Amino acid sequence: MEQNIENQHKFNEIKKRCWLVFAGVCYNFFLFIFFVNINFLWLFGALPDVENVENPQSEQASEIYSADNILLGKYFRENRSPVSYKDISPNVINALVSTEDLRFEEHSGVDLKAVFAIFYYAAKGNQRGSSTITQQLAKNLFKTRKNSSVGILSYIPGVKILVSKTKEWITAIKLERAYTKKEIIELYLNTVDFGSGSYGIKTAARTYFNTSADSLTVPQAATMIGLLKATTSYSPIINPTNSIERRNVVMRLMVESKKITQDQYEQFAKQPIGLTFKIEDHNDGSATYFRGVLSKWLLQWCKEHDKDLYGDGLKIYTTIDSRMQEHAENAVNNHMSNLQRKFYKHWEGKNPWVYENGREIPLYIEEAIRKTDAYKMLAAKYGVGNDSIRILLNKPKKMKVFSWDGEKDTLFSSMDSLRYYKYILQAGFMAMDPYTGAIKAWVGGINYKYFKYDHVKQSRRQPGSAFKPFVYTAAIDKGYSPCYALPDLPITFRYEENGEKKTWSPKNADWVFTGDSMSLRKGMARSINTIAARTMQLVGINEVIRYAKKMGIESPLKAVPSVCLGSSDVSVYEMTAAYSAFVNSGVWVEPVFITRIEDRNGNILHEVVPKTRDAVNEQTAYSMVHMLKGGTEERGGTSQALYPYDIFRGNEIGGKTGTTSNHSDGWFMGLTRSIVAGTWVGGEDRSIHFRSSALGEGAKTALPIFGIFLESVYKDTSINIAKGWFKRPKKYTVNLHCPYRPDHFRLDSVALEAPVLSEGIDSLKPATSPKID
């Protein structure tokens, strides 16, 4: 009896001690959790607070949208775009829960049964994880294992994992309190890394299968979820065999959880992966040159407004119309591919880099290579002049090169590559709404991957005769009529530039002076240089420059007589805006490419209102529209190459070609009542060009792009761009009905000798009283 009492006493003592140990363990465990939660003495690292949990901020790609709400591209470090729960295929959700967290609907963030099961499976030598979907979300969303989230104790071996796990448990419980189960699934699938640079199920579905998240089949969903275990080991790109095996494991787990049947499993397991793999790249997609220019503007805006373009998930709404952009890119591609073939044939057996006299420039490639990064890197390593540089620059290596027949693999040296690319002609095209300033299409070159330089805004080239409308605008605005007649006779300007006395005698494109008199309209339509020069003499050089500036030309314009023929460099961007003022009743509107910027929650951060100013009065503007129509209506007009395109029925079109010396630059500026567009075509360097006007003038190199584009836009009924007549002012008093003069008509008062104007630039003043014919 006494023995039983003693045994009972010992048992109670042991029981008491066990409870004390258990209570101590629990007390210390909860104390540890408390210390972790408050980051006691900064030992454990910070945890997300309530606000962060309720408003998690994962990196999210900023998206660019067109005016017709089409996604044009993204800016990202992690290519992630969110998708709502309802837009995720049930196959994905079933695969995820079956594989990663079978009791997801039962626990509150931490699956205690799975935690204790770790020890059982570990004893059997089977390594298994216990992290729930919510815990994984906590780790992904708040980077609980990154250096920025660790405390002092995390640097002690073995302690770091305990602290990290504890933080994930705490954060998971907070997440479960803040969100529904569906919201947790949505957050998880929008944040997780699926490999190959794709973050979130929406981007992954597009990357691997070129489909939407709601359209993923069971095998596709199983492949996606299979990646979560190890994105490299189970990548269908790098390790397709492992990927299939892992996919089938996921589907077997779906059978066990009764999400699919055994028969379905057997059917799906036999299917190949069926990838349509394509990684989103800044070089791909629509409007690549536009997006490149846009990014520079956005980076500056983000800097000023403390935003992260690559992680804040901004929504940038642009003025670009995706359909018009596609037509513009197709027009450039179609024409430039044909033009390039003509260029190759034109220079067959010869090099196209030549002086103005037609002689080849010696050592051209040898000098050009010195400007490349390859040469500069070798020069820094071996020293300028070292023979190793020459040897390495001429050493062939495998590379991909651009061609109009598609990207090609070849064996080129750096010298070969440079020589090859110098033959390639470039182009720039922009179209805008003349009333709102909205840029509708922007093609800065022929291929953004290989040629990053933008020929719409970044590049500036001589516009040639495309600049002449500013000369005639100055004259019209001062009272001269489009019918005012001037003689096509030689004229010489003597002037002083930088202290040096010079003369300039403009020649016509065909080097012929007919002696005929012709109206200003006919002179501009035929692009007669002497008529433009004589018109400038009527108004003065400085007035021509002043009017060009009023109409939006911001590039420096040199005050020399040749400015009337477009000798100063300008951009397609500013030329298109300037021509738009003619259509918009003389009002210049700043070109805009953004309408608004929103944050990831749809709050408007920035809205754009274009600047405007009165450039000329509406009578002058309409008179200039009439003048520009002359390019297609006057006999010998330089824009008549537009007639083969189906764009004239029920429509008025104006335009002006431009060609510079030696055909280095070809331009065409086209305008309708709804669209104004500018086009430039030329070589990378001015010394590379066609040798004849039959091939190299703007009507041949640049005009067809406008014609192809406009014809395509009018045929596309989804765009609904209206044809019609230009708007005529209600009170228009200018007489546009010029008296008929045969081409050989000459003014009696005009001497056939070439007048010499020697007063100097500043004293080339306008006539005191304009003569109206």
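Residues numbered from 1 in each chain as written. Predicted model: local features only at pLDDT ≥ 70, side-chain atom pairs only at ≥ 80, totals over all residues. Heavy atoms only, no water.

*Asks:* Describe the packing of helix H3 (residues 90-100) against helix H9 (residues 218-226), naming the residues involved and giving the relevant values.
*Replies:* Between H3 and H9, whose axes approach to 8 Å, the crossing angle comes to 45°. Judged by the angle between their axes, H3 and H9 are oblique. As H3 runs across H9, the sense of the crossing is right-handed. In this structure, H3 uses Asn-91, Val-92, Ala-95, Leu-96 and Thr-99 to contact H9, whose residues at the interface are Val-218, Ala-221 and Ile-225. A class-by-class count of the residues in the contact of H3 with H9 yields 6 nonpolar, 2 polar and no charged. (Axes fitted to C-alpha atoms, helices over the stretch in contact; angles between N-to-C directions. Helix = DSSP H or I, 4+ residues; strand = E, 2+ residues; numbered from the N terminus. Parallel < 35°, antiparallel > 145°, perpendicular 65-115°, else oblique. Left-handed = near helix turned anticlockwise from the far one by under 90°. Contact = heavy atoms within 4.5 Å. Nonpolar A, V, L, I, M, F, W, Y, C, P; charged D, E, K, R; others polar.)

*Asks:* Give me the packing of helix H18 (residues 468-477) against helix H20 (residues 529-539): which residues, what numbers.
*Replies:* Each pair of packed helices can be summarised by the angle the axes make with each other and by the distance between the axes. Two elements in contact, H18 and H20, have axes whose closest approach is 9 Å; the angle formed by their N-to-C orientations is 40°. The pairing of H18 with H20 is recorded here as oblique in orientation. Of the two possible hands of crossing, H18 and H20 adopt the one that is left-handed. Here Lys-468, Val-471, Tyr-472, Ala-474 and Ala-475 of H18 lie close against H20, whose contacting residues are Asn-529, Ile-531, Ala-532, Thr-535, Met-536 and Val-539. Taken together, the residues that form the contact of H18 with H20 break down as 8 nonpolar, 2 polar and 1 charged.

*Asks:* Please set out the packing of aromatic side chains residue by residue, giving values where relevant.
*Replies:* Tallied over the full model, the rule gives 29 aromatic pairs. Geometrically, the ring pair formed by Phe-402 and Trp-404 is edge-to-face, given 5.2 Å between the ring centres and 75° between the ring planes. Taking relative accessible area as the criterion, Phe-402 reaches 5% and is therefore assigned buried. For Trp-404, a relative accessible area of 23% puts it in the partly exposed group. Relative to Tyr-420, the ring of Phe-412 has its centre 5.7 Å away and its plane inclined at 55°; by these criteria the two rings are tilted. By relative accessible area, which is 22% here, Tyr-420 ends up partly exposed. One aromatic cluster is present, formed by Phe-402, Trp-404, Phe-412, Tyr-420, Tyr-421, Tyr-450 and Phe-451 through successive ring pairs. Taking NZ or CZ as reference, Lys-181 lies 4.4 Å from the ring centre of Phe-104, over its face. (Phe/Tyr/Trp six-rings, centres within 6.5 Å; stacked < 30°, edge-to-face > 60°. Buried < 20%, exposed > 50% of the residue type's maximum accessible area, 1.4 Å probe, protein only. Lys NZ or Arg CZ within 6 Å of the ring centre and 35° of its normal.)

*Asks:* Before we move on, can you summarise helix H22 (residues 572-583) with the specific residues and values?
*Replies:* Between its first and last C-alpha atoms H22 spans 17 Å; for 12 residues at 1.5 Å apiece the expected length is 16 Å, and the two agree. Of all 12 residues making up H22, 12 are buried, and the element is well covered by its neighbours. Buried within H22 we find Val-572, Tyr-573, Glu-574, Met-575, Thr-576, Ala-577, Ala-578, Tyr-579, Ser-580, Ala-581, Phe-582 and Val-583. Looking one or two residues past H22, Ser-585 carries a phi angle of roughly 55°, positive in sign. (Expected span 1.5 Å × (residues − 1).)

*Asks:* Explain the nonpolar core to me, and be specific about the residues and the numbers.
*Replies:* A general feature of soluble globular proteins is that nonpolar side chains tend to end up buried together. In terms of nonpolar packing, the biggest core is built from 145 residues, with Phe-429, Trp-442 and Tyr-579 touching the most fellow members. Of all hydrophobic cores here, the second largest spans 43 residues; its members include Phe-209, Ala-221, Leu-228 and Val-250. (Core = buried A, V, L, I, M, F, W, Y, C linked by side-chain atoms within 4.5 Å.)

*Asks:* Can you break down the state of the cysteines residue by residue, with the values?
*Replies:* Applying the stated criterion to the full structure yields 1 disulfide. Here Cys-483 pairs with Cys-738 through a disulfide, and the sulfurs are 2.0 Å apart. Looking along the S-S bond of the Cys-483-Cys-738 disulfide, the torsion reads about -85°, which is the left-handed sense. Here Cys-738 lies in the loop between helix H26 (703-715) and strand E21 (756-757) and Cys-483 lies in the loop between H18 and strand E10 (485-487), a separation of 255 residues in the sequence. What makes Cys-483 buried here is its relative accessible area of 1%. On the basis of relative accessibility, which here comes to 31%, the residue Cys-738 falls in the partly exposed class. (Disulfide = S-S within 2.5 Å.)

*Asks:* A description of the sheet that holds strand E19 (residues 665-671) should follow, citing residues and the corresponding values.
*Replies:* Picture the strands of a sheet paired through backbone hydrogen bonds; they go either parallel or antiparallel. Read across the sheet, 5 strands follow the order E9-E8-E20-E19-E18 without closing on themselves; strand pairing throughout is antiparallel. A single partner strand is all that each edge strand has here, and the edge strands are strand E9 (439-443) and strand E18 (654-659). Ignoring strand direction, the axes of neighbouring strands in this sheet form an average angle of 5°. One ladder, built from 8 bridges, connects strand E8 (residues 425-432) with strand E20 (residues 676-683); its direction is antiparallel. Among the inter-strand pairings, Ala-427 is bridged to a residue of E20, identified as Val-681. The strands that helix H13 (residues 322-346) touches are E8, E9 and E20; relative to E9, the one it contacts most, it runs at about 30°. Its contacts with the sheet place H26 against E8, E18, E19 and E20, and it is angled at close to 45° to E8. (Pairing = 2+ DSSP bridges.)

*Asks:* Residue-level account of unusual backbone geometry, with values.
*Replies:* Even without being a glycine, Asn-662 presents a positive backbone phi close to 60°. Here Asn-662 lies in the loop between E18 and E19. Under the relative-accessibility criterion, Asn-662 is labelled partly exposed at 25%. Phi angles above zero are rare outside glycine, and Asn-720 is one such case at about 60°. Among the secondary structure elements, Asn-720 is positioned in the loop between H26 and E21. The class of Asn-720 is exposed, set by a relative accessible area of 66%.

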